[in-house]
Amino acid sequence: MRTSNIIIFLPSLSVGGAEKVIISLFENLHRINYNVTLVVQNKIGPLKINIENNSIIDLKTKNFRYALPKLIRIIRVINPNIIISTFPHTTLPLILFKP
């Protein structure tokens, strides 16, 4: 069986519906042994306590335009089969840069 590399991207860990759903997805994929990495543009927010920190990459940027080059480098290193993003302003550039 082939292991899938998955990157999940979130702008922050703030309390919101999309963030809660994505974090739940991340935790469940992690639990069933997928190779999943959560990439966060800015790790600020109360939801960060619910996640194992060794599977999170914090880009430490406030603006997506500065996060994008870092995210592209991570995508090239991890070479994911699947990239998940919930926000339109982040999804479109990810579609364009997925190798």
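Everything below is about the structure printed above this text.
About the cut-offs
- Residues numbered from 1 in each chain as written.
- Predicted model: local features only at pLDDT ≥ 70, side-chain atom pairs only at ≥ 80, totals over all residues.
- Heavy atoms only, no water.
- Helix = DSSP H or I, 4+ residues; strand = E, 2+ residues; numbered from the N terminus.
- Buried < 20%, exposed > 50% of the residue type's maximum accessible area, 1.4 Å probe, protein only.
- Pairing = 2+ DSSP bridges.
- Axes fitted to C-alpha atoms, helices over the stretch in contact; angles between N-to-C directions.
- Contact = heavy atoms within 4.5 Å.
- Polar contact = N/O pair within 3.5 Å; in protein donor to acceptor, adjacent residues only side chain to side chain.

Draft legend 1. Highlighting unusual backbone geometry. A positive phi angle, close to 55°, is found at Lys-60, a residue other than glycine. Looking at the element boundaries, Lys-60 is found in the loop between strand S3 (56-58) and helix H2 (64-78). Positive phi, normally seen in glycine, also occurs at Asn-79, with a value near 50°. Position of Asn-79 among the secondary structure elements: in the loop between H2 and strand S4 (82-85). By relative accessible area, Asn-79 is classed as partly exposed at 47%.

Draft legend 2. Structural view of the sheet that holds S4. As summarised here, the arrangement of the four strands in space is S3-S2-S1-S4, forming an open sheet in which the pairing is parallel. Pairing within the sheet leaves two strands with one partner each, and these edge strands are S3 and S4. Taken over all neighbouring pairs, the strand axes of this sheet differ in orientation by 20° on average, direction set aside. Pairing geometry for strand S1 (residues 5-12) and strand S2 (residues 35-42), over seven bridges, is parallel. Counted as the bridge partner of Ser-12 is Asn-42 from S2. Lying over the sheet, helix H1 (residues 17-31) contacts S1, S2 and S4, oriented at roughly 155° with respect to S1. Contacts from H2 reach S1, S2, S3 and S4 within the one sheet, and its direction differs from that of S1 by about 170°.

Draft legend 3. Layout of the side chain of Ser-12. Mapped onto the elements of the fold, Ser-12 is located in strand S1. Its relative accessible area of 17% is what places Ser-12 among the buried residues. In terms of polar contacts, Ser-12 uses its side chain to reach the side chain of Ser-14, at 3.2 Å. Excluding residues within four positions of it along the chain, Ser-12 makes contact with Glu-19, Val-40, Asn-42 and Ile-44.

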